Protein chains: 4
Amino acid sequence: MCGIFGMFGNKNASKLSYLGLYALQHRGEESAGIASSNGSKITYHKGMGLLNDVFSEKIINSLKGNMAVGHVRYSTTGSSHHKNMQPFIVYHKKGHIAIAHNGNLTNAFELRDILEERGAIFQTTMDSEVIAHLLTRSAEPRRENVIDALSKLKGAFSLVMIFNDTMIGARDTYGLRPLCLGKLDGSYVIASESCAFDLIQAEFIRDIEPGEILFINKNKIESVKPFEKTRQASCIFEHIYFSRPDSLVFGANVYLTRKELGRQLAREYNVKCDLVMPIPDSGNCAALGYSEESNIPYEGGMIRNHYVGRTFIQPEQGVRDFRVRVKLNPVRPVLKGKRVMVIEDSIVRGTTCRARVKTLRESGAKEVHMGVSCPPIISPCFYGIDFPTKKELIAAKRTVEEIRQYIGLDSLHYLSLDGMLKSICLPKDNFCTACFSKNYPVKLPKRASKYILEKNR
Amino acid sequence: MCGIFGMFGNKNASKLSYLGLYALQHRGEESAGIASSNGSKITYHKGMGLLNDVFSEKIINSLKGNMAVGHVRYSTTGSSHHKNMQPFIVYHKKGHIAIAHNGNLTNAFELRDILEERGAIFQTTMDSEVIAHLLTRSAEPRRENVIDALSKLKGAFSLVMIFNDTMIGARDTYGLRPLCLGKLDGSYVIASESCAFDLIQAEFIRDIEPGEILFINKNKIESVKPFEKTRQASCIFEHIYFSRPDSLVFGANVYLTRKELGRQLAREYNVKCDLVMPIPDSGNCAALGYSEESNIPYEGGMIRNHYVGRTFIQPEQGVRDFRVRVKLNPVRPVLKGKRVMVIEDSIVRGTTCRARVKTLRESGAKEVHMGVSCPPIISPCFYGIDFPTKKELIAAKRTVEEIRQYIGLDSLHYLSLDGMLKSICLPKDNFCTACFSKNYPVKLPKRASKYILEKNR
Amino acid sequence: MCGIFGMFGNKNASKLSYLGLYALQHRGEESAGIASSNGSKITYHKGMGLLNDVFSEKIINSLKGNMAVGHVRYSTTGSSHHKNMQPFIVYHKKGHIAIAHNGNLTNAFELRDILEERGAIFQTTMDSEVIAHLLTRSAEPRRENVIDALSKLKGAFSLVMIFNDTMIGARDTYGLRPLCLGKLDGSYVIASESCAFDLIQAEFIRDIEPGEILFINKNKIESVKPFEKTRQASCIFEHIYFSRPDSLVFGANVYLTRKELGRQLAREYNVKCDLVMPIPDSGNCAALGYSEESNIPYEGGMIRNHYVGRTFIQPEQGVRDFRVRVKLNPVRPVLKGKRVMVIEDSIVRGTTCRARVKTLRESGAKEVHMGVSCPPIISPCFYGIDFPTKKELIAAKRTVEEIRQYIGLDSLHYLSLDGMLKSICLPKDNFCTACFSKNYPVKLPKRASKYILEKNR
Amino acid sequence: MCGIFGMFGNKNASKLSYLGLYALQHRGEESAGIASSNGSKITYHKGMGLLNDVFSEKIINSLKGNMAVGHVRYSTTGSSHHKNMQPFIVYHKKGHIAIAHNGNLTNAFELRDILEERGAIFQTTMDSEVIAHLLTRSAEPRRENVIDALSKLKGAFSLVMIFNDTMIGARDTYGLRPLCLGKLDGSYVIASESCAFDLIQAEFIRDIEPGEILFINKNKIESVKPFEKTRQASCIFEHIYFSRPDSLVFGANVYLTRKELGRQLAREYNVKCDLVMPIPDSGNCAALGYSEESNIPYEGGMIRNHYVGRTFIQPEQGVRDFRVRVKLNPVRPVLKGKRVMVIEDSIVRGTTCRARVKTLRESGAKEVHMGVSCPPIISPCFYGIDFPTKKELIAAKRTVEEIRQYIGLDSLHYLSLDGMLKSICLPKDNFCTACFSKNYPVKLPKRASKYILEKNR
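This structure is a prediction, so every number in the text was calculated from the model and none was measured.

Rules used in this analysis
Residues numbered from 1 in each chain as written. Chains lettered and ligands numbered in written order. Predicted model: local features only at pLDDT ≥ 70, side-chain atom pairs only at ≥ 80, totals over all residues. Helix = DSSP H or I, 4+ residues; strand = E, 2+ residues; numbered from the N terminus. Rg over C-alpha atoms; globule rule 2.2 N^0.38 Å. Buried ≥ 20, exposed ≤ 12 C-beta atoms within 10 Å, placed from the backbone. Contact = placed C-beta atoms within 7 Å. Domains from an automatic or database assignment. Nonpolar A, V, L, I, M, F, W, Y, C, P; charged D, E, K, R; others polar. Least-squares fit on C-alpha atoms with pLDDT ≥ 70 in both. Pairing = 2+ DSSP bridges. Axes fitted to C-alpha atoms, helices over the stretch in contact; angles between N-to-C directions. Parallel < 35°, antiparallel > 145°, perpendicular 65-115°, else oblique. Left-handed = near helix turned anticlockwise from the far one by under 90°. pLDDT = per-residue confidence, 0-100.

This paragraph deals with the overall build of chain A. Within chain A, the secondary structure is distributed over 18 helices and 23 strands. Scaling as 2.2 N^0.38, a compact globule of 457 residues should have a C-alpha radius of gyration of about 23 Å, and chain A matches this with 23 Å. Dimensions of chain A, computed from the C-alpha atoms along their principal axes, are close to 70 × 45 × 45 Å. When the 457 residues of chain A are sorted by exposure, 56% land in the buried category. When contacts within chain A are restricted to residue pairs at least 6 apart in sequence, those whose partners lie at least 24 apart make up 71%.

Below, the structure is given as structure tokens:
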């Protein structure tokens, strides 16, 4: 899970990329990087941590050129390595390449095997290094080679690349991860989410379409759709949890979708309670929708501590469930003696959820009910969402009633699959629902369980 | 403006102080410090920055002893100095003292003059150094001396101190700043706000009363009220803006107060509009109250970026009002074509407010109205709230209509003084409203305009 | 033990102070600080660590004004506190003071007692804070007050201070610690050692004399000698070990003195050996002198590793005497089968010395003899040299023969007290030899064993 | 120019590698890295800066396994990139490789061209990445493949590598860079210089011979010499300047060699002077030799400041030749009125030399003569010594007389080529003297002027 950004044709390309990545920081907190180019030479800087830890004004100013691509990377357990920072850079006799990738290739392992057989060596476990090898395999850095290389990829890829004097944006045929195109004065912008455009006051033009490759250089912007067509299968979880509410994702606004998910939940379940409250901030919109539809008052029953960072010192003893408690504190007088309906965006492992429910009860809530704005997650994602293994997914092995008991709820209500799909103002067949339905749009490789490069080496 | 914390009688005193300060971080982001003692030796650590920047696990573990006091300090422009970090420590032949102070003494300058005349030297511009001098002036570190010293102070002071084997909590007779007492297992806790108790799962006992001094040592806890009695005049701005919504301040819950402020605003003004939205997060509760009372739907029309830190790089050119934009991004589809009622907790200078309103209009809002959950701020605070000088307070020099025009609103509605006071479920005479009414409860010194020590040297 | 520096009347005062302190870095590696002033306002920066860790170009440039004083502090075990960094700064209604002090007051404890009785409070355990209190006690910041204040000090003090628009240099009547005066273009410079003048290309004028106070302001430089006269008793250890060889200290060049100490050692002892080698770099000069006088070849038998810093990681096991070994490595082919005469400047505890001798033997030396360029150190220093307590001084409790056995030498030869004194081209009565003779020039206080402020609190 | 280290068969392999690199730090101050392995998994850490900046105890402890290779890299202007840190690591399906390389391949550019033609991509400009590609090109990670890969290399290479469960040490047929083998208890050690063995108390066994490859695994140590034999051409500059005096390099001790170079210089030139002094520390040994042979007294006429680090702040104005002055300060009383013979190890650009001579004159030296312990450097090195381009080499374009005038000497005396060669107790045909004679042992590529990968991309 990552955020990517690209800008072409602006003398402040790296500075605006920095700002664009700021708006995309929620897509990746582990590392950040920007590569810029004047068409002939790429300079770059990457580092572990938040954007602000990685970049200084001096560094941004040193990244010259009117093209830039940037990347923020999500922290996936156990693979937080310096070497896996993006953009991935290649200095090659055929030219210079910088690649920012969001998604997960399902055939990365196979491609890597083949490439290694042919003599390639790999220094990272990133899909983007595989893509770089494919790009430089062919004879010349022409359009056909790019098309040829990307044709070999299976799975999810939203890409922004610099290849010599050209910026390339591309999206897999399923449209699994978002990617959109914008314009700022005369220059083009590409970003994972439209909220990045808002920040730099760029204009949203359109999504880069599933299966589309855009070539942008100083003379023109050219679109090709060279891949064999498949059905669209965009990740519905972007709307449920991952994207920012102010973004337009796959053509729909996330805030409105989430409110509608909450409304639909209220339509599906009629829970007797005194107030509706979100787990902030991810449940805010759905809770608002639930409140409006059910006419039950909305309350901010828990207060979020904005200072909780990753280096927080945890006490070894004495304070139970501390990490959970420090992030969200209940407002006792609001909860005391009340039947509370809590709206969660989703339940993954269930452990944090359980601790929060306990806190709510200790704060005086008489009953704690929960509505979840998506169905039970029963299967892992192979296209870029960092769910844990099936073993750790609580809904993969327990019934709703068992989950309710585990979490300690008076009642638990998951949104139906259908209810979820009709809440988004887009064709329901356009979405991947594999994590809820096991219906994977892209055929999985035999070695699926170990498909991720990181887990193999 | 600061947050203070003290713990007596717990072997994890410094660790729990660290956690308590975490809950109080919103009261001061500039510097942090903790001093601990076993009754005979004080060790301490202080530093500039957020708690997490200043402390590591190793440092916390090095602060031994079963007593500790901690402090977080607010950033007031121009006086961010290392030397002004608290707690203030004195190693004296009469004993060891650590002082954490919240508030502003109005006679600090006079006291300092007198003390310097008598030969004292000062290394900081902090009120707490003045207090330290007074404490050590008298012959012995007995109770009478503490009472004698504190009797000389005028203005606002909430104090937690270690004096040899005793912890002392004290509050001025007006009760300007909050301070409350809690208990965790056998140990006593003192904090600016009750949210610090929640985090460490301590039990709230009661406020330390205006004019009360508490002496806590291993034998007993003793309360005295030695000062000449005055009326209570607690800072109402703690409820309006400064305290955390989950805190119990001056005996009332802040969340509920703020909701009631919003309700009262709706009762006072009947504005025709399609939605109510807060400036997050400070306006959240009042906006909810306004929505409930007015039956106009509540929406989260702006999304807060949680990653905006203090070292953010700002572009020199090209992106107008950037700092405002990066913090809050409007959700266009929610606002488009709508008559929007925005709820602000307060308006100080008006500049940020103006930029936000402009952003809302650019995002498609048809009309932008604003409700403010307090009256116009017309006069500075001399008791610890870091308002700018009168010259910079927009309401000190402009009428409401002029402010409305400056900010660019369709209509602007300030809560009435009376409406504000009756929204808090406490006697209205118990509050200081000087910033709204110029009715200062504590007589100001002649040199009031330059009363702050920091501005004199 | 510290290095101090002052500059008056140069617009680059703080920059040149930084450079001057660079040349004095050997006098203190623990902390560094510079305070500058334009005559009415003092700005300063202090920090723990080497000069280069503490200062950046930006910080230096922020220290404005045409006067500056600087300080580097030696690391004495157990008292490495932030609070003890110098210069010590006071902002007082009578004026602004910055004090840089080298030496140890023998009556600091008494003075502090008296001052605390009168109401003073102390935040550090530094002598300079005591001096600051004395300076501000009197009514006005006039010359008489400075003289009055300094008259109360007993023990060793070399001082450079800024007091409003005046720079003050002062030295105790014994002249225990060095202090000299130089000139650069029109501006005056004061430094612990003349090597600081060389670096900034200032001209050495003369030593500040024992008992002299210099007042430098824009109109004139004025010298007074107001104290009751005593005999001179300059610290001979400055020549033996502490000062840099290229410095002129107490009127004599250190390099030449050390060579003569070596020559004298050769005159006193006729040791049969094949080569003379120093413990680098402190024994270099004396070894050269010994070699010249004895006509035994000089060899660099051990190579110094220039990269050994203070944060070096030491292996827990497997490599014995590692810290000693990493700093100096023997050159085996030079030592193999040879009778080696090793020249040490002094022996304090004897432990490091012992490890080195062992290494020399393991590297093939047939015999290891040692010459020490001073007599046995039998008593602690109360005037600023950080010798350990008497208990740890190897020569305080063992005979030379016992020391020889402990260190593992074939023979051990200490320079005689007389030999040492006649090696310096200065009157022998001008020196303090207390650490060799127990003949302390300044009467010790009753509480001498605990005289250091740091050890009391 | 770099230092390399390897250890096989010791549970403290990474810790001992750290210590070994400490002894080799003079061979590279720019970056440092260590990779360790248990035979199946490689972990590593690399960073910019000195060893102490890059490694902490925690990091060292995290590098598990009984094999480790380490590297310190020299700072060559303009190519200080994170990406060029070593060891170079490859995770490949055929196995795991860690490569530490010292030297310069003369055909790196050609090899890279060929490899890129075949599809390889490069992320660094290091020779070691080229070597990695060659190693993984062949079908299996067997001995033959290693031999095959290394056979393609031209130029200078001293290598230590981990390849799965085997440690490999190798040296080019010319033996250009040093590499030696040692033993510590049961484990094998490989290092650039023997001083690394001394520090960890390992025993020196022998040099790895020119053209030799050592394969070390848990069963055996095996030596092969598969390459076509050439003459030996070891870098004589290692003895003149680069290696540490306490090292045994190419079979001879460096200290003794340097002394002999000084003696030979005295035999070749009879300069009338009062004292001989080195430019410390590189000229120390030769100056001692000169002094002994000529019977002119040796003096330490300049004192080295041990605190000069790389981040030193330089004054913009006022202090001429500051960087030169801060590093070495003359001892005036030693020099005053004297005819001084200064011994330098070598003269490259001549600029620093000139500034020092000026300083010596300003310090009172009556005459300044210079002896250089090698002949004029007239041609660049293509095998790893970071000389500047020919254009910048002062002796490439000026006569000795012109150099003398430029530097400002009374007389200048370069050691003769023959004199230099006979000073080392080794066959004179065993050395590369190309920088003095233009007689390059390895044929240069056509693109020699741009042969360095770093300069091409």
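After that view of the structure, there is still more to cover.
Interface size is commonly expressed as the accessible area that is lost once the parts come together. All names here are of chain A. As far as domains go, chain A holds domain 1 (2-233) and domain 2 (257-304 + 320-424). In this assembly, 10 residues from domain 1 lie in contact with four residues from domain 2. In terms of residue class, the side of domain 1 that touches domain 2 is made up of three nonpolar, six polar and one charged.

Time to look at the interface of chain D and chain A. With 18 residues of chain D at the contact, the number on the chain A side is 18 residues. Looking at the side of chain D that touches chain A, the elements that each hand over two or more residues are strand 5 (88-92), helix 4 (108-117) and helix 5 (127-137) of chain D. Among the residues making up the side of chain D that touches chain A, the classes are represented as seven nonpolar, five polar and six charged.

Its rotation angle being 179°, the transformation that places chain D on chain A also includes 0.0 Å of axial translation and leaves an RMSD of 0.1 Å. This pairing of chains is accounted for by a two-fold axis. For chain D, the smallest separation between a C-alpha atom and the rotation axis is recorded for Ala120(D), amounting to 2.7 Å. A share of 100% of interface residues in chain D that are also interface residues in chain A marks the association as one of identical surfaces.

It is worth spelling out the arrangement of the chains at this point. Chain C makes no contact with chain A, the minimum C-alpha separation between the two being 14 Å. There is no contact between chain B and chain D; across them, the least C-alpha separation is 14 Å.

Residues and elements named next belong to chain B. With parallel pairing, the four strands of this open sheet are ordered in space as 17-20-21-22. Pairing within the sheet leaves two strands with one partner each, and these edge strands are strand 17 (275-278) and strand 22 (411-414). Each strand axis lies, on average, 20° off the axis of its neighbour in the sheet, ignoring direction. The sheet contact formed by strand 21 (residues 367-372) and strand 22 spans four bridges and is parallel. Across the sheet, methionine 370 pairs through a bridge with leucine 412, a residue of strand 22. Docked against the sheet, helix 10 (residues 284-294) engages strand 17, strand 20 (339-344) and strand 21, running at close to 165° with respect to strand 17.

If you look at the interface, chain B gives 46 residues, while chain A gives 46 residues. Listed by contribution, the elements that provide at least two residues to the side of chain B that touches chain A are helix 1 (13-23), helix 3 (57-62), helix 7 (195-200), helix 9 (254-268), helix 10, helix 11 (322-327), strand 19 (328-330) and helix 12 (332-335) of chain B. Broken down by class, the residue content of the side of chain B that touches chain A amounts to 27 nonpolar, 12 polar and seven charged.

Structural alignment of chain B on chain A gives an RMSD of 0.1 Å, achieved by rotating through 180° and translating 0.0 Å along the axis. Same-surface contact between copies: 100% of interface residues of chain B are shared with the interface of chain A.

Residue and element names in this part refer to chain C. For helix 10 (residues 284-294), the buried fraction is high: nine of the 11 residues fall into the buried class. Among the residues of helix 10, Asn284, Cys285, Ala286, Ala287, Leu288, Gly289, Tyr290, Ser291 and Ser294 are the ones counted as buried. In this structure, the buried residues of helix 10 make contact with helix 9 (254-268), strand 17 (275-278), strand 20 (339-344) and strand 21 (367-372). Residue asparagine 295 follows helix 10 closely and has a positive phi angle near 60°.

In this section: the packing of helix 9 of chain B against helix 10 of chain B. All names here are of chain B. Put simply, helix 9 and helix 10 touch, their axes get as near as 6 Å, and they point 45° apart. The orientation of helix 9 with respect to helix 10, classified from their angle, is oblique. Crossing angle aside, the handedness with which helix 9 passes helix 10 is right-handed. Of the residues in helix 10, those in contact with Tyr255, Arg258, Lys259, Glu260, Leu261, Gly262, Arg263, Leu265, Ala266 and Arg267 of helix 9 are Cys285, Ala286, Ala287, Leu288, Gly289, Tyr290, Glu292, Glu293 and Ser294. Of the residues that constitute the contact of helix 9 with helix 10, the class distribution is nine nonpolar, three polar and seven charged.

A word on the sheet that holds strand 6 (residues 95-102) of chain D. The pairing of strands in a sheet happens through backbone hydrogen bonds and is either parallel or antiparallel. Residue and element names in this part refer to chain D. Taking strand neighbours across the sheet as the criterion, the six strands line up as 5-6-7-8-12-13 in an open arrangement whose pairing is antiparallel. Across the chains shown, the open sheet's two edge strands, defined by having one partner strand only, are strand 5 and strand 13 (221-224). Each strand axis lies, on average, 15° off the axis of its neighbour in the sheet, ignoring direction. Pairing geometry for strand 5 and strand 6, over five bridges, is antiparallel. Across the sheet, the residue bridging to isoleucine 89 is alanine 98, located in strand 6.

Quick look at the confidence of the model for chain A now. Residue and element names in this part refer to chain A. Confidence along chain A averages 89 in pLDDT terms, with 91% of residues attaining 70 or more. The model gives residues 449-457 a pLDDT under 50, and that stretch makes 16 contacts with residues more than four places away or in other chains. As a predicted assembly, this complex carries a pTM of 0.84 together with an ipTM value of 0.90.

Residues and elements named next belong to chain C. Burial analysis of strand 1 (residues 2-8) places seven of its seven residues in the buried class, the great majority of the element. Where burial is concerned, the two faces of strand 1 agree: the one with Cys2, Ile4, Gly6 and Phe8 and the one with Gly3, Phe5 and Met7 are both buried. Summarising the sheet, strand 1 and strand 4 (residues 67-73) pair through seven bridges and their orientation is antiparallel. Across the sheet, phenylalanine 8 pairs through a bridge with methionine 67, a residue of strand 4. Of the pairings in the sheet, the one linking strand 1 to strand 10 (residues 187-191) comprises four bridges and is antiparallel in character. Counterpart to phenylalanine 8 in the pairing with strand 10 is tyrosine 188.

Its place among the elements puts Arg177(B) in the loop between strand 8 (166-171) and strand 9 (180-184). Placed 59 residues apart in sequence, Arg177(B) and Ile236(B) show a C-alpha to C-alpha distance of 9.5 Å.

In the segment running from Pro280(A) into Asp281(A), the intervening peptide bond is cis, with an omega of -10°. If you trace the backbone, Asp281(A) turns up in the loop between strand 17 (275-278) and helix 10 (284-294). In this structure, Phe250(C) is a non-glycine residue whose phi angle is positive, near 55°. Along the polypeptide, Phe250(C) turns up in the loop between strand 15 (248-249) and strand 16 (252-253). Even without glycine at this site, Lys438(D) takes up a positive phi of about 65°. Along the chain, Lys438(D) turns up in the loop between helix 17 (434-437) and helix 18 (453-456).

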